[in-house]
Structures are given as C-alpha cells and as structure tokens.
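Residue-level structural notes
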Amino acid sequence: MTPRLVVLTSLLVSTVSHGADVILAGSASLDYRLVSGAAPPTNPSPLGINGMTFELAQKVVVDVGHGVSFTVKACGGCHGLEVDQGFGELHVRRFFNVRAGRLNVPVGEFTVRHDPTNFSTPSKPLPFAMGDMLQYGRSAFNLGIVPAPAVDNGVEVFGSLGLGKRVSLDYTVSLIKGLAGDNDLDFARSRVWVDNNRTPAVAARVVLTGPDWSFGASGTAGAYDAKDSLWYAIAGVEAYARLGIVTLRAEALARRTDLDATATGYPFQLIDAWFLKAGWYAQADVQLHRLVTLVLRSDGLHRFGMPLPDSELTTASAGVQRQTVAAFVRANDFVAFKADYELWTFTGTTFPLRHVGRVALVLGY
Amino acid sequence: MLALLVTLSLAAPPSTRLLYEQKCLYCHSEEVSERVRLTEPQWRRLIEQMRQRAPVLITRGDVFTLSRYMVNGLKLVPAQKPVVAVTKPDSLGADLRLADAGVPRDVPLPTPIDPLPEEPNADELALAEEGFALMQTRCSRCHTLGRVYGKLDTLERSLNVIERMSLKTGSGITEDDLRVLEAYLRSQFERPLQSAAEPVGRATSPR
C-alpha cells in the first residue's frame, strides 16, 4: 500500500468506527451495438471489440452527521479510470447548502441520471452523447452539447424554496474550472484536474417542480482556450411529467462556441468566428409491467456555422436525427437488460442512413 | 385438481398478487419464496424475518396480508392439510421434504418460540400505506427503486438518505413529503417487536 492509500483507508475506517454511516452503491454495464451498411463508423472500445463498451462505477457515501456527507464515485470506461464525483456536502437550511470538490455540472436534467442504471435506453440522448454517437469524432459532429457525465472541479450552493405544500423552486449555482480545448471543446482535456486557463466558469440550474411534473432551465459559460480568448455558452430547458404508467421527458440545449479566427484550413472564408449547436430529445417511458418498460424517443443534434478545419462536414448547416424504440427489462431489481432499434438520418452531410441495434446488460446495487 | 388450485390462486384479489410480486420477489424468485409449506403463524414469523431485511419495503401490515396470501391464495400450507393432500402422491412427498430442514437455506425455519409479530392498528396501517406509496412515487423519479430498499436498512441511514435526496435539484420532495416519509420510516423501524430485542434474521443478512 502506498502511504496515501494507508492514510485514506485509515481515515475511512476511523470515520466508520466513529459511527458515521456508509452507503455503498455501484453499477456495471456492458453494451454492444451493431450498425447497418458498409464501413460502419466505429467507436472507442475498452475491450478492443468494435461496437462493445463497458462502464463500471463504484460509489461510497459517508454521512458523518450534522448535515455533513462525503461522496466519492469512481468510474471506468472508454477514458480509463476517473473520479466522477468526489465532494463534501453541507446541509445548512433547505434553501441554502454547499457542495465542494469534483462535481457533476448542473446543466440539463439528464446529467443527473447519467449512470447507466438510471436511464432506460442503451444510448444517451444526443445532446449528452459521447463516443456512443455515430460520427462523434472531431472531424464530424465532435460529440453532443454537454457530454454526460459533465464532471468538473468547483464549489456550488444549492437549495429548495417551498412554494406551498406541493410545489418547490430548486436551484444550484456553481463556480467551476470550466471546459477546455482549442478551436472547439475537447472533452477528454476538459476532465484534466488542472485548469488550462485563468477564467473560471459558472453554471446554474433552476427547476420549478411539483410531485409529478417539473420545468427547468440551466446554463453554463466560460473561456475554454489557454489564452482565455475563446468562449462557450450553453443554455437549455427541460420538462418532466408523469401520468400514470407514462413518464415524459424533453430537453432542448444549445451551445455557442467561439472559433479560433487565427486558425487556417477552414473550408470557406470565416466571417462569423463562432458556431452554434442545438440538440434536443423527447422521450416517453411506458411501464407496461412491473419489470418491462417500453421507450419511445426522438432526438437530434444540429450544427450551424463554419465547419472545423479538416472536417468531413462541408456545409454550414449539418445535422443528425434519430428515432429510437427501446425496451428496458428488469430481471430483478439488480439486473436489467436494455435493447433498442435506432434509425439514424443525416442532413447537410454525405453520411448515409444507418440502422442501429443495441443491447446492454446493466447491473446495479 | 391442478386446475382447481390455479383457479383458486387466480381468485385471490389481484392487488394482493401485485403486493406479493412487488415485495416478495424483490430479492429472490418464486422458487425461493414458494419452496416451503408453513402454517399461517409460521408464515407470519418467516415474513417478519424477511421484513427485518428490508423494513421500508415490507411494512408491518404486509406481514399479515402476505402471510394470509401465502396460506389462502398460494396454499403453501403443510402437506397434511387437505388442500395439498389431494394433489398427486409424489408431490405430497416433495411437500414433506420441503417442509423439513433438508432444504439448503441460510434462514432458519421459524420455530414456535420466535415472537409472533403484533398486528398494527388502523392508524399505523394508514401511515404505512401513505408512506410506502409516497416513497414509490417520489423515489422513482431519477432512478429505479431497485437500489433503494436494500440500502435503507437502518433508521438513521434512511433518514440521512431521504434528506440528501430531497435536496437534489428538481427532486419534487417537499418538506411536507419529508415529514410523512420520516414518520413512515420511524413506524417501520422503531416500534419494538413484542419480545424480540434483537431483530430476527439480522445475523444472517447477506451484507
């Protein structure tokens, strides 16, 4: 054991022996996708089997009392082992609480449910997609709007204001390191622990919620390049409603990202040095049986503006739409199967239509 | 005769069937929960042992509803009872085998010296119903309930979790909801059993 590990373990053991309450949780998911047509686009695979990925997460929550808790969640997937959450939380009043450390950035509702055990489809909605998206590479759409999990270092205040018996207005406001990159965002680099520039970013989410419904808005903005000169801004709206066996969710997000005017190789003359990406999804989960949920989803992503140098996109307006039918079947409360069919169509690009089938096995405790 | 048994079990109110599926098939399949034949008081003791493993899932009232269902709905009673005696002769043998201690298990069969749980009063039943239903709806918004019940195994931990969850942005869990949930949790954990100082089954809980 390294000295650091010894210190950590003994800290944990001593908190446990002082009566702190420890909750363990974890999940593992194995996902396989089959794409129709010639030369299907590939995705990164930690198994080296094209189309197959896995994700693993283990979490420890220690409630030490007096409203103080600590959460550490490590996860592994296409980007190696990462710290998805690592924060201390202090509950002061219902309307004012503090969390500091490595956080999940409060942008969009899906980011809350990014763990594979917490969403019903095998793939993430396109505004939050990463490598599981077709044509995800930098030379094409360069991922979604705010790839989930959105993880960052910082501090946030959050709380809930009661408006009557059944309605509340919840908020989170965060000061974070921000996303990183040069000439468009680079999500792998955004997760590095040290900031690449001197401008912190801000993020916020506000949700008006009743027992079976909610409406919300969220956003984040910051400088992303090393010289603090290129900016991004993301804004989104969200809605949720549950009507008996049907759960409806919809979100729309957009990101404005500055382009580097000094870069060369753009396909045409750069006039507006920024581009806009808009993404959305609408999803209905119909619980047919205690163990079986049918999911219908329509989502999309559109990019307006100058393609990046060397991009396969050649027009100033290119998009992807997807229609999904999925089944979420639980064998019991710890094992679930997900399967779907997805129809991918592209506009403003030469990418052909694709049929995609996915299956996933998800374990969680 | 099998047809009669099937008809009988189908004749049980569907809501009890659902209750059974929701609560007894949470940790294991029917193969486990239907592998023993017991009298009603024995079922009550066994289900009380199951309740100790997940007190937020199986309420005190459920112990009674479900033990009646095991006896009257599923007819899982000892072989000498007429209803099982009329099944095929070889299944009689199987029933006897299942009823004795030869079946591999890590839960000791309840013995007559185990305390018999006390039936909750109407107020307690109403609170349990409200609390359980509230938990079902509020706690399934961002994740399935699967990971919830198994983790809420002490009062303190459960209270910490519901407070933490209620403060997640957009949880829809108001202070009023928290009060009901807290009262529900207290009613399921705190009321002492008739004579069991030490919760039954704890020692054998898989942890």
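Every value quoted in this text rests on a predicted model; they were computed, and no experiment measured them.

1. With respect to the pattern of salt bridges
Evaluated as defined, the whole model comprises 32 salt bridges over all chains. When the shortest N-O distance is used, the salt bridge between Arg44(B) and Glu40(B) registers 3.8 Å. Residue Arg44(B) and its partner Glu40(B) are both found in helix 4 (residues 40-53); the two are separated by four residues, about one turn of the helix. Classification of Arg44(B) as buried rests on a relative accessible area of 17%. The partly exposed category is assigned to Glu40(B), whose relative accessible area is 23%. Within the structure, one salt-bridge network assembled from shared partners comprises Arg297(A), Asp299(A), Arg322(A), Glu342(A) and Arg358(A).

2. Topic: the interface of chain A and chain B
Contacts between the two partners involve 39 residues from chain A and, on the opposite side, 33 residues from chain B. Between chain A and chain B, the buried area comes to about 3200 Å², and carbon and sulfur atoms account for 46% of it. For the chain A face of the interface with chain B, the top three residues by lost area are Arg94(A), Arg290(A) and Asp333(A), together amounting to 20%. At the junction of chain A and chain B, the tally comes to four salt bridges. Here chain A is connected to chain B by 18 residue pairs in polar contact (both at pLDDT 80 or more). Of all the elements in the fold, those that place two or more residues in the side of chain A that touches chain B are strand 1 (21-35), strand 2 (52-65), strand 4 (80-93), strand 7 (167-176), strand 8 (201-209), strand 9 (213-223), strand 10 (231-243) and strand 14 (317-330) of chain A. Tallied by class, the residues present in the side of chain A that touches chain B amount to 15 nonpolar, ten polar and 14 charged.

3. Here's the deal with the nonpolar core
Within the largest apolar cluster, 44 residues are counted, with the highest numbers of intra-cluster contacts made by Tyr20(B), Trp43(B), Ile47(B), Met70(B) and Met135(B). When residues of this core are traced back to their parent elements, those giving at least two are helix 2 (14-24), helix 4, helix 5 (60-73), helix 8 (122-138), helix 9 (146-149), helix 10 (155-166) and helix 11 (175-189) of chain B. If you tally residues by element for this core, the top one is helix 5 of chain B, at six residues. Each residue touching Met70(B), except ones within four places of it in the same chain, is listed here: Tyr20(B), Ser33(B), Trp43(B), Ile47(B), Lys75(B) and Leu76(B). Residues Phe110(A), Ala140(A), Leu185(A) and Ala203(A) belong to the second largest nonpolar core, which totals 40 residues.

4. Looking at a nonpolar patch on the surface
Residue and element names in this part refer to chain A. A cluster of nonpolar side chains, contributed by Leu-30, Tyr-32, Leu-34, Leu-47, Ile-49, Val-329, Phe-337, Val-359, Leu-361 and Leu-363, occupies part of the molecular surface with about 800 Å² of accessible area. Relative to the helices and strands, Leu-30 is located in strand 1. Taking the relative accessible area as the measure of exposure, Leu-30 reaches 37% and is therefore partly exposed.

5. Let's talk about helix 8 of chain B
In an α-helix, one turn spans 3.6 residues; hence positions three or four apart end up facing the same way. All names here are of chain B. Counted at 1.5 Å a residue, the expected span for helix 8 with its 17 residues is 24 Å, and the 24 Å between its end C-alpha atoms agrees. Turning to helix 8, its buried residues number three or more, namely Ala-128, Gly-131, Phe-132, Leu-134, Met-135 and Arg-138. Buried residues in helix 8, looked at end-on, bunch into an arc of 160°, giving them a common side. Seen from the buried face of helix 8, the exposed residues on the opposite side, beyond 90 degrees, are Ala-122 and Glu-129. The opening residue of helix 8 is Asn-121, an N-cap whose side-chain oxygen sits 3.1 Å from the backbone nitrogen of Asp-123.

6. A look at unusual backbone geometry
Where the residue is not glycine, phi is negative for most of them; where a peptide bond is considered, it is trans in most cases. Residues and elements named next belong to chain A. Cis peptide bonds are those with omega within 30 degrees of zero, and the linkage from Ala-148 to Pro-149 qualifies with 0°. Among the structural elements, Pro-149 can be located in the loop between strand 5 (96-104) and strand 6 (151-163). A positive phi angle, close to 90°, is found at Asp-184, a residue other than glycine. Examined against the element boundaries, Asp-184 turns out to sit in the loop between strand 7 and helix 2 (187-190). Positive phi outside glycine occurs at Asp-228, with the angle close to 55°. Among the structural elements, Asp-228 can be located in the loop between strand 9 and strand 10. Judged by its relative accessible area of 25%, Asp-228 falls in the partly exposed class.

7. Some words on the pairing of strand 11 (residues 246-258) of chain A
All names here are of chain A. Sheet topology note: the strand 10/strand 11 ladder contains twelve bridges and is antiparallel. In the strand pairing of strand 11, Gly-236 is matched with Leu-253. If you look at the hairpin formed by strand 10 and strand 11, you'll find two residues sitting between the two strands, and Gly-244 has a positive phi there, around 60°. Pairing of strand 11 with strand 12 (residues 274-287), which is carried by 13 bridges, proceeds in the antiparallel orientation. Bridge pairing links Arg-256 to Leu-276 in strand 12.

Scoring rules and cut-offs
- Residues numbered from 1 in each chain as written.
- Chains lettered and ligands numbered in written order.
- Predicted model: local features only at pLDDT ≥ 70, side-chain atom pairs only at ≥ 80, totals over all residues.
- Heavy atoms only, no water.
- Salt bridge = Lys/Arg side-chain N within 4 Å of Asp/Glu carboxyl O.
- Helix = DSSP H or I, 4+ residues; strand = E, 2+ residues; numbered from the N terminus.
- Buried < 20%, exposed > 50% of the residue type's maximum accessible area, 1.4 Å probe, protein only.
- Contact = heavy atoms within 4.5 Å.
- Buried area = accessible area lost by both parts, 1.4 Å probe.
- Polar contact = N/O pair within 3.5 Å; in protein donor to acceptor, adjacent residues only side chain to side chain.
- Nonpolar A, V, L, I, M, F, W, Y, C, P; charged D, E, K, R; others polar.
- Core = buried A, V, L, I, M, F, W, Y, C linked by side-chain atoms within 4.5 Å.
- Patch = residues over 30% accessible without salt bridge, like charges linked within 9 Å, V, L, I, M, F, W, Y side chains within 5 Å.
- Areas by Shrake-Rupley, 256 points an atom, 1.4 Å probe, with all protein chains shown as cover.
- Expected span 1.5 Å × (residues − 1).
- Arc of directions from axis to C-beta.
- Pairing = 2+ DSSP bridges.

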